[in-house]
Amino acid sequence: MRTLTRSFAQGLLVLAPVAITIWVVVFTVTTLDRWLNARIPGLGIVIAAAGITLIGYLAGNVVGDRLISALEAGMRRVPLVRILYNSLRDLFGAFVGSKRKFDKPV
């Protein structure tokens, strides 16, 4: 029974991030397509990619850095959002960015 429970938990840990990622992408694309009344299927993907690129560009300059800092300060004031945001930021910061924590192979 213990092996079965462990195997189920491992499968869930592998499957959950994949399923959540697929759900977020599908939700974003279908929502954007619906908002735009797009006659071209998948136009939401192009718009989402352009939006992500624009946010990345803005994050790289002084004005965008100030806007992001203000947004982060606002998110840190809301109790439940603060916990979720800080956890996700730490998780992504461990793998990507200037302060990577996992930069050497084991």
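Here is what the cut-offs are and how they apply
Residues numbered from 1 in each chain as written. Predicted model: local features only at pLDDT ≥ 70, side-chain atom pairs only at ≥ 80, totals over all residues. Heavy atoms only, no water. Helix = DSSP H or I, 4+ residues; strand = E, 2+ residues; numbered from the N terminus. Contact = heavy atoms within 4.5 Å. Areas by Shrake-Rupley, 256 points an atom, 1.4 Å probe, with all protein chains shown as cover. Salt bridge = Lys/Arg side-chain N within 4 Å of Asp/Glu carboxyl O. Buried < 20%, exposed > 50% of the residue type's maximum accessible area, 1.4 Å probe, protein only. Axes fitted to C-alpha atoms, helices over the stretch in contact; angles between N-to-C directions. Parallel < 35°, antiparallel > 145°, perpendicular 65-115°, else oblique. Nonpolar A, V, L, I, M, F, W, Y, C, P; charged D, E, K, R; others polar. Phe/Tyr/Trp six-rings, centres within 6.5 Å; stacked < 30°, edge-to-face > 60°. pLDDT = per-residue confidence, 0-100.

### Digging into the overall build of the chain
Part 1 of the reasoning: In terms of helices and strands, the chain carries four helices and zero strands.
Part 2 of the reasoning: Element order for the chain, N to C, with α for helix and β for strand: α-α-α-α.
Part 3 of the reasoning: The contacts of the chain with a sequence gap of at least 6 include a subset with a gap of at least 24, amounting to 0%.
Part 4 of the reasoning: Put simply, the chain shows about 9500 Å² of open surface, and 72% of that area lies on carbon and sulfur atoms.

### Side note on the pattern of salt bridges
Part 1 of the reasoning: Applying the stated criterion to the full structure yields one salt bridge.
Part 2 of the reasoning: Here Glu72 ties to Arg89 by a salt bridge, and the two come within 3.5 Å at their closest N and O atoms. Taken together, the residues Glu72 in helix α3 (residues 62-75) and Arg89 in helix α4 (residues 79-95) connect sequence positions 17 residues apart.

### Section: the side chain of Glu72
Part 1 of the reasoning: You can call Glu72 buried: its relative accessible area is 14%.
Part 2 of the reasoning: Apart from the residues within four sequence positions on either side, Glu72 is in contact with Tyr85 and Arg89.

### A look at the packing of helix α1 (residues 2-36) against helix α2 (residues 43-59)
Part 1 of the reasoning: Look at α1 against α2: their axes get within 8 Å of each other, and the N-to-C directions meet at 105 degrees. On the basis of the axis angle, α1 is roughly perpendicular to α2. Contact with α1, carried on its side by Thr28, Val29, Leu32, Asp33 and Leu36, involves Leu43, Gly44, Ile45, Ile47 and Ala48 of α2 and no other residues of that element.
Part 2 of the reasoning: Counted by class, the contact of α1 with α2 contains seven nonpolar, two polar and one charged residues.

### Things to note about the packing of aromatic side chains
Part 1 of the reasoning: For the structure on display, the rule yields one aromatic pair.
Part 2 of the reasoning: Plain terms: the ring middles of Trp23 and Phe27 are 5.2 Å apart, the flat faces sit at 15 degrees to each other, and that makes the pair stacked. Linking Trp23 with Phe27, this pair stays in helix α1, spanning four residues, or about one helical turn.

### Some words on the confidence of the model for the chain
Part 1 of the reasoning: With 89% of its residues at a pLDDT of 70 or more, the chain shows a mean pLDDT of 79.
Part 2 of the reasoning: Per-element mean pLDDT across the chain ranges from 79 in α4 up to 83 in α2.

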